[in-house]
Amino acid sequence: MQTQMLIGGKWLDGSDSNRIEVFNPANGEVIAEVAAGTPADATAAVDAADLAQRSWAATAPRVRSEVLRNCWQTLLDHTDELAGLITAEHGKPTADAKGEIAYAAEFFRWNAEEAVRIDGVIKPAPSGAHKILIHHPPVGVVVMVTPWNFPAAMITRKVAPALAAGNACIIKPPKETPLTALRVAELLEEAGVPAGLVNVVPTHSSGSWFEAATEHRATRMVSFTGSTEVGRILLKRCADRVLKTGMELGGNAPFIVFNDADMDLAVEGAMTAKMRHSAEVCTAANRMFVEAGVADEFTERLAAAMGAMKVGPGNEEGVTCGPMINAAAIESIDGLVQGALAAGATAAVGGARIDGPGFFYAPTVLGDVTMESPIAKEEIFGPVAPVIKFSDTDTVIDWANDTELGLASYVFSGDVARAMSVGERIHAGMVGINRGAMSDPAAPFGGMKQSGLGREGAHEGIFEFCETQYIAANW
Ligand code: NAD
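Criteria and thresholds
Residues numbered from 1 in each chain as written. Predicted model: local features only at pLDDT ≥ 70, side-chain atom pairs only at ≥ 80, totals over all residues. Heavy atoms only, no water. Phe/Tyr/Trp six-rings, centres within 6.5 Å; stacked < 30°, edge-to-face > 60°. Helix = DSSP H or I, 4+ residues; strand = E, 2+ residues; numbered from the N terminus. Buried < 20%, exposed > 50% of the residue type's maximum accessible area, 1.4 Å probe, protein only. 1 Å grid on protein atoms, 1.4 Å probe; cavity = no way out; pocket = protein on both sides within 12 Å on 5 of 7 lines; lining within 4 Å. Points joined across faces, edges and corners; volume = space filled by probe spheres on them. Domains from an automatic or database assignment. Near = heavy atom within 4 Å. Polar contact = N/O pair within 3.5 Å; in protein donor to acceptor, adjacent residues only side chain to side chain. Areas by Shrake-Rupley, 256 points an atom, 1.4 Å probe, with all protein chains shown as cover. Sits in = over half its atoms within 2 Å of the grid points. Nonpolar A, V, L, I, M, F, W, Y, C, P; charged D, E, K, R; others polar. Salt bridge = Lys/Arg side-chain N within 4 Å of Asp/Glu carboxyl O. Pairing = 2+ DSSP bridges. Axes fitted to C-alpha atoms, helices over the stretch in contact; angles between N-to-C directions. Contact = heavy atoms within 4.5 Å. Buried area = accessible area lost by both parts, 1.4 Å probe.

## Observations regarding the packing of aromatic side chains
A ring pair, where both rings are aromatic, is described by two values, the distance of the centres and the angle of the planes. All chains considered together, the criterion is met by seven aromatic pairs. For the ring pair Phe255 and Tyr410, a centre distance of 5.6 Å and an interplane angle of 40° mean the geometry is tilted. Separated by 155 residues along the polypeptide, Phe255 in strand β12 (residues 253-257) and Tyr410 in strand β20 (residues 408-412) bring together distant segments of the chain. For the pair shown, Phe255 and Tyr410 are each scored as buried. Residues Phe258 and Phe390 carry aromatic rings whose centres are separated by 5.5 Å and whose planes lie at 85° to one another, so their mutual orientation is edge-to-face. In this pair, Phe258 is assigned in the loop between β12 and α9 (263-275) and Phe390 in strand β18 (residues 384-390), connecting sequence segments 132 residues apart. Phe390 matches Phe258 in its accessibility class, with the two residues each being buried. Of the aromatic side chains, those joined through ring pairs into one cluster are Phe255, Phe298, Tyr410 and Phe412.

## Concerning the layout of surface pockets
Counted as a void, the largest pocket has a volume near 1100 Å³. Looking at the largest pocket, it is lined by 45 residues, and the ones nearest its centre are Trp148, Gly226, Ser227, Glu229 and Val230. Every element with two or more residues in the lining of the largest pocket is listed here: α7 (206-215), β10 (219-225), α8 (228-241) and α11 (327-342). No other element matches α8, which puts five residues into the lining of the largest pocket. For the lining of the largest pocket, the domains that each give at least three residues are domain 1 (5-249 + 451-473) and domain 2 (253-440).

## A closer look at the site of the ligand
Among the 27 residues in the neighbourhood of the ligand, the closest are listed as Thr146, Arg157, Ser227, Leu249 and Glu379. Between the ligand and Lys172 there is a distance of 2.9 Å, counted from an oxygen atom to a side-chain nitrogen or oxygen. Here the ligand, which alone exposes 850 Å², has 85% of that area covered by the protein. Most atoms of the ligand, that is more than half of them, are within 2 Å of grid points of the largest pocket. For the shell around the ligand, the secondary-structure elements that each account for two or more residues are α5 (153-164), α7, β10 and α8. Broken down by element, the residue count for the shell around the ligand peaks at three residues, all from α7. The residue makeup of the shell around the ligand, split by class, is 14 nonpolar, nine polar and four charged. In terms of domain composition, the shell around the ligand takes at least three residues from each of domain 1 (5-249 + 451-473) and domain 2 (253-440).

## What about the pattern of salt bridges?
In the structure shown here, the tally under the stated rule is 20 salt bridges. In this structure, the salt-bridge partner of Lys389 is Asp296, at a minimum N-O distance of 3.6 Å. Here Lys389, found in strand β18, pairs with Asp296, found in helix α10 (residues 292-307); they are 93 residues apart in sequence, far enough to count as distant. Judged by its relative accessible area of 42%, Lys389 is partly exposed. Ionic pairing is found between Arg353 and Asp334, a salt bridge with its closest N-O pair at 3.2 Å. Of the two residues, Arg353 is situated in strand β15 (residues 353-354) and Asp334 in helix α11; the sequence distance between them amounts to 19 residues. Taking relative accessible area as the criterion, Arg353 reaches 37% and is therefore assigned partly exposed. Looking at Asp334, the relative accessible area reads 11%, which means it is buried.

## A short note on the pairing of strand β8 (residues 168-172)
Within β8, five of the five residues are buried, which leaves the element mostly enclosed by the surrounding structure. Both faces of β8 are covered, namely the face carrying Ala168, Ile170 and Lys172 and the face carrying Cys169 and Ile171. Two strands pair when backbone bridges link them, and strand β7 (residues 141-145) and β8 are joined in this way by five bridges, in the parallel orientation. Its bridge partner lying in β8, Val141 is registered against Ala168.

## Things to note about unusual backbone geometry
For the bond running from Gly356 to Pro357, omega is 10°, close enough to zero to count as cis. By secondary structure assignment, the location of Pro357 is in the loop between β15 and β16 (360-361). Despite not being glycine, Ala458 shows a phi value in the positive range, around 65°.

## Quick look at the sheet that holds β20
Ordered in space as β14-β17-β18-β13-β12-β20-β21, the seven strands form an open sheet in which the pairing is mixed. This sheet does not close on itself; its edge strands, each paired only once, are β14 (346-349) and β21 (430-433). Averaged over all adjacent pairs, the angle separating strand axes in this sheet is 25°, with direction ignored. One ladder, built from three bridges, connects strand β17 (residues 364-367) with β18; its direction is parallel. Directly across from Thr364, in β18, lies its bridge partner Val384. Together, β12, β13 (285-291), β14, β17 and β18 form the strand contacts of α10, whose direction differs from that of β13 by roughly 140°.

## Overview of the domain arrangement of the protein
Each assigned domain of the protein is listed with its residue range as follows: domain 1 (5-249 + 451-473) and domain 2 (253-440). If you average the C-alpha positions of domain 1 and of domain 2, the two centres end up 31 Å apart. In this complex, domain 1 contributes 21 residues to the contact, which on the side of domain 2 involves 29 residues. Of the roughly 1900 Å² buried between domain 1 and domain 2, counting both surfaces, carbon and sulfur atoms make up 62%. Viewed at the interface, domain 2 and domain 1 are joined by zero salt bridges. Elements with a contribution of two residues or more to the side of domain 1 that touches domain 2: α3 (79-89) and α4 (94-114). Sorting elements by how many residues they give to the side of domain 1 that touches domain 2 places α4 first, with four residues. Class assignment for the residues of the side of domain 1 that touches domain 2 results in seven nonpolar, eight polar and six charged.

In structure tokens form, the structure reads like this:
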């Protein structure tokens, strides 16, 4: 297990002697103590990234591409080990952790293919006076700050396109899940990523770490995934240096089921959209809007499926819902559930925390929830599905859009034309039609409104890590 920090290809203890304790959320026990960095370490990491980036930017795209492809293979070859680390520090069931590694690794294969396709343009100026040449050099050094819910994938989704485009990065992993981040970085170096291109500096002091990293003159971009609240703070800080930003922020996804939906598909889709990765997912279905004619049947069937889940430590056979990340998460989830129950909701299944050790919450389905309830407004980030009845399409679209967040959304209907037109009217960056999962490295992931800025993945994802330069040429 790697517990030191990585700066300029060297594994170091970090300047903060107070190491970071990493907990297993299934039992609350400390599983490792990780080196902690100070603002000075962040500065040193940007120095190292700056130096490494100059020669990487001048490396042939084909060579960069082949290194990235090796990274894909190397991560896949270590699936069991990495999944074990994820389950140990995050808690998600082993099958979900393995799924995360497949997804995380795929960003390297996809971007290996994109590295050689950062196409430019040449065109005549309309006046005929000159030629317009447009190309896309790398931005330079990118500071990356990532969340704990996908300890590997939220890092690779940024690192792969950044490296493909010729950048270097320094990563601040969350203090809850630094072990996966450190081991991924180690494997990337084993796969051929030159020293200094990927630096990982965990810290106790995120704020001053971030200040130091972003005030360094070599830093040109910040790529953040996390809550909207923290995203707003970082955006303000980035404004001081007019840094380019990529922001993948919180969600409050509507999951709309019409009377004519295939009920098997809708319940299966709801389970996927709500429960994979123990429900701690930014695209998780947060509000179940179900048309009146099928609301009772849907609630009953979803409650049966949720009630049949096996809750427990993620590494135990047959477990389908692991622990939440910490005690504060349990408090927040339970506060929303008790608030909804007090306001008249009914628990079709669950509705309470499960005694420790560990941080477990019973998979819960709430019926008779209203739009006024706080649970319909907040990101739940836990295994709770509030069902809200609707009887009119325009109203449900208004409700779906009645949030400042617009990341994911889901529509289930037997009439695909209707589902498509409803999907087009929802202000969310991603719409699943008769599907509960949609993340794909080949598709643009990201949100509208306060769910974020920019997109990760797809052909456009790599351009987030590029500048645009125009050259006016005569010949
Ligand atoms: P968080 O915002 O609390 O923390 C994210 C990261 O920011 C962590 O590394 C944290 O240490 C760091 N951070 C916190 N304060 C900081 C500061 N002042 N300066 C610098 N860094 C700081 O989020 P979280 O609890 O780790 O993750 C859950 C949130 O992330 C949810 O809101 C979820 O929707 C969102 N998320 C979004 C996506 C997406 O792609 N849109 C993906 C995963 C998670």
